[in-house]
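Inside the fold
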Amino acid sequence: MLVSAKEMLEKAKAGKYAVGQFNINNLEWTKAILLTAQELNSPVILGVSEGAGKYMCGYETVVGMVKGMIKCLNITVPVALHLDHGSYEGAKACINAGFSSVMFDGSHYPIEENIKKTTELVNACNVLGISLEAEVGSIGGEEDGVVGAGECADPNECKMVADLGVTMLAAGIGNIHGKYPANWAGLNFDVLASISEKVGDMPLVLHGGTGIPEDMIKKAISLGVSKINVNTECQLAFAAATRQYVEAGKDLSGKGFDPRKLLAPGFEAIKATVKEKMELFGSVNKA
Ligand SMILES: [Zn+2]
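Residues numbered from 1 in each chain as written. Predicted model: local features only at pLDDT ≥ 70, side-chain atom pairs only at ≥ 80, totals over all residues.

Next up on the list: the overall build of the protein. Per the secondary structure count, the protein includes 12 helices and 10 strands. Principal axes of the C-alpha set define a box for the protein whose edges measure 60 × 45 × 35 Å. Relative to all contacts within the protein whose residues are 6 or more apart in sequence, the contacts with residues 24 or more apart total 72%. (Helix = DSSP H or I, 4+ residues; strand = E, 2+ residues; numbered from the N terminus. Contact = placed C-beta atoms within 7 Å.)

Right, dumping it as C-alpha cells:
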C-alpha cells in the first residue's frame, strides 16, 4: 500500500533523521529501491520526475508498477510515491493517477503566484490525504527544464508558504542538482537555521543530495532537514557497473546478453547506493 509522506517525515523530523527520496526510471530502479528499503526496515519515498513519468509511459503505468511490486515483493515498510518538481498540471495529473505524494515546484513563479497555486493544491491534497511538497527559492542545476541558479531561499517567504498547510518544504540553501562543481561554496547553514526557526516543525527537504559531503548532510539533518533527494548518484552507480560488465566482455560470453544478466550489476549497484544513503541519513530500522 502506498502512504502519504506526512507521517514518516514528521517522525523523521522529531527523531532527527532523514528519509531518502530515490528517483525511479524503470523496473530495475524501482525493484532495487523497494527491496533495499525492506531489507533495512526503512521508510522510503520513490521520486518520479515529469520526464521519467513520460519515459515510463505515464503516471498510471507508474502507479500500477509500484503497487504491483509492493504486493508481489511483500513490501511492508512505508512507501510514498512522489512527483518530483511537478508543474501545476503535472501535480493534478499525479493526484488523479493515484500518487500518494506530490511536489509542486512553483519556485520560478513570483511568490504571489506560487502561493496562489500552492494553496489550490493544498486543498486538493488534503481531501485525499496526499502529502504536498512546495519549493521556495529555486534550486540550482537543471532538472527537466526547471533551471535555477543555486540561490538561497528567503526565510520569510518560506514561512508564508509553510503556513499554507503544505506537508514539507524544499528551500534552496546553496544546493544544486546533478554533480557539484569543484568550486562549489557548500550549503549555507545560516540560511538553513533561520528557515528552520521560522517554519518550526515543518519537515525541510534537501534536493541535490548527490555529492554533498557526509558531514554537511549530518549537519543539515540536525538543523531540520527530514527528506533528502537522491537521483544522480544512482544513475552514476548504474552506469559504472554496466560499463564494467560490458568492458569485461561479459555480454559476449554465454548468455551474458540476456537483459536479466546484463542489467543485474547495475541493479546491485543501485541497491548498494541506496543502502549507503539510508545508513547515512539514519532511516534504517525506522519503518
Ligand atoms: Zn530537486
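Take the pairing of strand β10 (residues 225-230) next. Most of β10 sits out of view: six of its six residues are buried. Pairing analysis gives four bridges linking strand β1 (residues 19-23) to β10, with the strands arranged parallel. Of the residues in β10, the one forming a bridge with Val 19 is Lys 227. Across three bridges, strand β9 (residues 204-206) lies against β10 in parallel orientation. From the neighbouring strand, Val 205 faces β10, where its bridge partner is Lys 227. (Buried ≥ 20, exposed ≤ 12 C-beta atoms within 10 Å, placed from the backbone. Pairing = 2+ DSSP bridges.)

Moving on to helix α4 (residues 59-72). Compared with the 20 Å implied by 1.5 Å per residue over 14 residues, the 20 Å span of α4 between its first and last C-alpha is a close match. Taken together, the buried residues of α4 touch α2 (27-40), β2 (44-49), α3 (50-55), β3 (79-86) and α5 (88-97). Once α4 ends, the next one or two residues include Asn 74, with phi positive near 55°. (Expected span 1.5 Å × (residues − 1).)

Quick look at the sheet that holds β1 now. In spatial order, the strands read β1-β2-β3-β4-β5-β8-β9-β10; together these eight strands close into a barrel with parallel pairing. Averaged over all neighbouring strand pairs, the angle between strand axes comes to 25°, with direction disregarded. Bridge count for β3 against strand β4 (residues 101-104) is three bridges, and the pairing is parallel. Across the sheet, residue Leu 83 finds its bridge partner in β4, namely Val 102. (Axes fitted to C-alpha atoms, helices over the stretch in contact; angles between N-to-C directions.)

Turning our eyes to something else, we now look at the nonpolar core. A general feature of soluble globular proteins is that nonpolar side chains tend to end up buried together. The biggest cluster of nonpolar side chains holds 76 residues, and the ones touching the most others in it are Ile 33, Leu 46, Val 102, Cys 158, Leu 169, Ala 171 and Ile 270. The contact partners of Leu 169, leaving out residues within four places of it in the chain, are Ala 134, Val 136, Cys 158, Val 161, Ala 162, Val 199, Met 202, Leu 204 and Val 205. (Core = buried A, V, L, I, M, F, W, Y, C linked by C-beta atoms within 7 Å.)

Before going further, it helps to spend a moment on the packing of helix α10 (residues 232-247) against helix α12 (residues 264-281). Their axes nearest at 8 Å, the elements α10 and α12 cross at an angle of 145°. Crossing handedness for the pair α10 and α12: right-handed. Counting all contacts with α10, which are made through Glu 233, Cys 234, Ala 237, Phe 238, Ala 240, Ala 241, Thr 242, Gln 244 and Tyr 245, the residues of α12 involved are Pro 265, Gly 266, Glu 268, Ala 269, Ile 270, Ala 272 and Thr 273. Split into classes, the residues belonging to the contact of α10 with α12 amount to 10 nonpolar, four polar and two charged. (Left-handed = near helix turned anticlockwise from the far one by under 90°. Nonpolar A, V, L, I, M, F, W, Y, C, P; charged D, E, K, R; others polar.)

It is worth spelling out helix α7 (residues 155-162) at this point. Among the residues of α7, Pro 155, Cys 158, Val 161 and Ala 162 are the ones counted as buried. Take α7 and look down its axis: the buried residues cluster within an arc of 120°, on one side only. (Arc of directions from axis to C-beta.)

Before going further, it helps to spend a moment on the pairing of β4. Neither face of β4 is exposed, since Ser 101 and Met 103 on one face and Val 102 and Phe 104 on the opposite face are all buried. Read from β3 through α5 to β4, the crossover connection turns out right-handed. Relative to strand β5 (residues 131-136), β4 runs parallel, the two being bridged by four bridges. Residue pairing across strands places Ser 101 opposite Ser 131, the latter belonging to β5. (Right-handed = clockwise from strand over helix to strand, strands pointing away.)

Our next topic: the confidence of the model for the protein. Residues of the protein with pLDDT of at least 70 account for 96%, and the chain-wide mean is 94. Low pLDDT (under 50) marks residues 143-149, which in the prediction has 18 contacts with non-local residues, meaning those over four places away or in another chain. (pLDDT = per-residue confidence, 0-100.)

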